[in-house]
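Next come the chains, spelled out residue by residue.
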Amino acid sequence: MDRRTFVASLGVGATVGLAGCVIGDNGDESGEDINVGMVYSSGGLGDESFNDMAHNGVEQAEADFGISYQNAEPDSPADMNDYQREFAGSDEYDLVCCIGFDHVTDLVQNAQEFSDQQFVLVDAVAETEDGDLVENVDNYVFREHEGSFQVGHLAGLLTTMEFDHGGASTASEDPHIGFVGGEETAIIDRFEAGYLAGAEYADEDIEVSTAYAGSWDDPGTGQEIATTMYDNGADIVFHAAGATGGGVFEAAQSAERYAIGVDDDQSISAEGFSDVIVASMVKRVNTAVYESIESVVDDDFEGGSVEDLGLEEDGVEAVVGQDFEGELPEEITDALVESREGIIDGDIDVPEET
């Protein structure tokens, strides 16, 4: 699917009866008789990255198949168990989509209790204590470190040269880049590990500053951390921090330096910052949601399976920002093609841990 056309506009409907912040049925009454329950990750919709990408996927499924859906937005991981059980216990949903690794502990128990309910889990794998896959859960995971290597490679090359485009420029004196994570988890560690390896692949002498905000929904802390990095000489900061990353973009514009987005092409989803978002590490959560719904529509849902998506499967990708297409030096774009091929062919071994 084209990365610029598979971005549906975000919309909400009327509130329905689930406890907490729930957005109602947007389904087409004349469409397929398929109903989907969406339980998002902490922070909910409006993050312009991970959760919104999942929402794009269900909206595209609604447009293509006429399915109905309801959204549930947990205020914290503690709410996820309630939402999973509300959807599964109602007997009204053909599929319950659980978005984010925070779901996994509750889902393992709930999926076994509600064994006739079909679930999809994005960003983790539901396994029993014996290590067996839970039979009614389809799992989607991503090789984030591969795409992060690519944006690290880009950042590493860009910081070593003089570059001036959009609303920013590089300092070019001492090569320096940064990384801002949300919470310290194994998944975000993969982002960081790939990014660091990509920068080192570009130039082993590049300085890389890293920090964690401790939250997915704290733009103020994101801005504070990134501002410090820019003040200390960083040319580019990559965030993997959900809505916290909005603060990184604010800092980039103020410092007239560059940023790298995550999950969505944030030069589009956070278009007000497109003049400084040189690229994004796109993670196609939308595709995972869409394909899982499509499998239910086609009556070929397969639980107890794992879909592992990386560069080769187009599950992750380094996407140049819309204001920078055709503007990056050819030596950078050629180098990114080379490193992508190297990762896919196995010639470049990308670490999964820092």
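Above: the structure in question.
Residues numbered from 1 in each chain as written. Predicted model: local features only at pLDDT ≥ 70, side-chain atom pairs only at ≥ 80, totals over all residues. Heavy atoms only, no water.

Colleague: For this particular structure, what's the right way to read the sheet that holds strand β12 (residues 258–263)?
Modeller: Strand pairing within a sheet occurs via backbone hydrogen bonds; the two strands may be parallel or antiparallel. Spatially, β10-β9-β11-β12-β13-β15 is the arrangement adopted by the six strands of the open sheet, whose pairing is mixed. Because the sheet does not close on itself, it has two edges, and the strands there are β10 (207–212) and β15 (316–320). Neighbour-to-neighbour, the strand axes of this sheet turn through a mean angle of 15 degrees, independent of strand direction. (Pairing = 2+ DSSP bridges. Helix = DSSP H or I, 4+ residues; strand = E, 2+ residues; numbered from the N terminus. Axes fitted to C-alpha atoms, helices over the stretch in contact; angles between N-to-C directions.)

Colleague: Explanation requested: the pattern of salt bridges in the structure shown.
Modeller: Note on pairing: side chains with opposite charge can pair once their charged atoms come close. Scanning the model with the defined rule gives ten salt bridges in all. Among the ionic pairs, Glu 146 bridges to Arg 143, the shortest N-O distance being 2.8 Å. With a relative accessible area of 12%, Glu 146 lands in the buried category. Judged by relative accessible area, Arg 143 falls into the buried class, the value being 17%. Residue Asp 235 pairs with Arg 257 through a salt bridge whose shortest N-O separation is 3.9 Å. Remark: Arg 257 occurs in the loop between α7 (245–255) and β12 and Asp 235 occurs in the loop between α6 (219–231) and β11 (236–240); sequence separation between them is 22 residues. Accessibility expressed as a relative area gives 0% for Asp 235, which makes it buried. (Salt bridge = Lys/Arg side-chain N within 4 Å of Asp/Glu carboxyl O. Buried < 20%, exposed > 50% of the residue type's maximum accessible area, 1.4 Å probe, protein only.)

Colleague: I'm lost on the packing of aromatic side chains in this one. Help?
Modeller: Pairs of aromatic rings are described using the distance from one ring centre to the other and the angle between the two planes. Summed over all chains, the structure comprises twelve aromatic pairs. Ring geometry for Phe 65 versus Tyr 290: centroids 5.3 Å apart, planes at 35 degrees, classification tilted. A residue pair is termed long-range when its members are at least 10 positions apart, and Phe 65 in helix α1 (residues 50–65) and Tyr 290 in helix α9 (residues 285–297) qualify at 225 residues. As far as burial versus exposure is concerned, Phe 65 and Tyr 290 are alike and both buried. Cluster of aromatic residues (ring-pair linked, three or more members): Phe 179, Phe 191, Tyr 195, Tyr 212 and Phe 238. (Phe/Tyr/Trp six-rings, centres within 6.5 Å; stacked < 30°, edge-to-face > 60°.)

Colleague: So what exactly am I meant to see when it comes to the state of the cysteines here?
Modeller: Each disulfide is one covalent bond, formed between the sulfur atoms of two cysteines. The tally for this structure, following the rule as stated, stands at zero disulfides. Considering cysteine sulfurs only, Cys 98 is the nearest to Cys 97, which forms no disulfide, with 7.6 Å between them. By relative accessible area, which is 0% here, Cys 97 ends up buried. Cys 98 sits in the buried class, given a relative accessible area of 0%. (Disulfide = S-S within 2.5 Å.)

Colleague: Would you explain the environment of Ile 34 in this entry?
Modeller: By the secondary structure assignment, Ile 34 is in the loop between β1 (21–23) and β2 (35–39). A relative accessible area of 12% means that Ile 34 is categorised as buried. Between the C-alpha atoms of Ile 34 and Ala 54, which are 20 residues apart in sequence, the distance is 18 Å. Setting aside residues up to four positions removed in sequence, Ile 34 forms contacts with Ile 67, Ser 68, Asp 94, Val 296 and Val 297. (Contact = heavy atoms within 4.5 Å.)

Colleague: Explain the pairing of strand β6 (residues 137–142) here, please?
Modeller: Both faces of the sheet carry side chains from a regular strand, because those side chains alternate between them. Judged by how many residues are buried, β6 sits mostly within the fold: six of six residues are covered. Sheet topology note: the strand β5 (residues 119–122)/β6 ladder contains four bridges and is parallel. Within β6, the position partnered with Phe 119 by the bridge is Val 137. Bridge count for β6 against strand β14 (residues 305–309) is five bridges, and the pairing is parallel. Note that in β14 the partner of Tyr 140 across the bridge is Glu 307.

Colleague: Any chance you could explain α1 here in plain terms?
Modeller: Along an α-helix, residues three or four apart share an orientation, since each turn contains 3.6 residues. In a regular helix each residue adds 1.5 Å, so 16 residues correspond to 22 Å; α1 covers 23 Å between its end C-alpha atoms and thus fits that length. Here α1 lies mainly inside the structure; 14 of its 16 residues are buried. In the stretch just after α1, Gly 66 is the one whose phi turns positive, near 75 degrees. (Expected span 1.5 Å × (residues − 1).)

Colleague: Looking at this structure, I do not really get α6. What am I missing?
Modeller: With 13 residues, α6 should reach 18 Å at 1.5 Å per residue; the first-to-last C-alpha distance of 18 Å fits that figure. Here α6 has its buried residues at Gly 222, Ile 225, Ala 226, Met 229 and Tyr 230. The arc that holds every buried residue of α6, seen down its axis, measures 135 degrees, which confines them to one face. For α6, the exposed residues lying more than 90 degrees away from the buried face are Glu 224 and Asp 231. Each element contacted by the buried residues of α6 is listed here: β9 (176–181), β10, β11, α7 and β12. (Arc of directions from axis to C-beta.)

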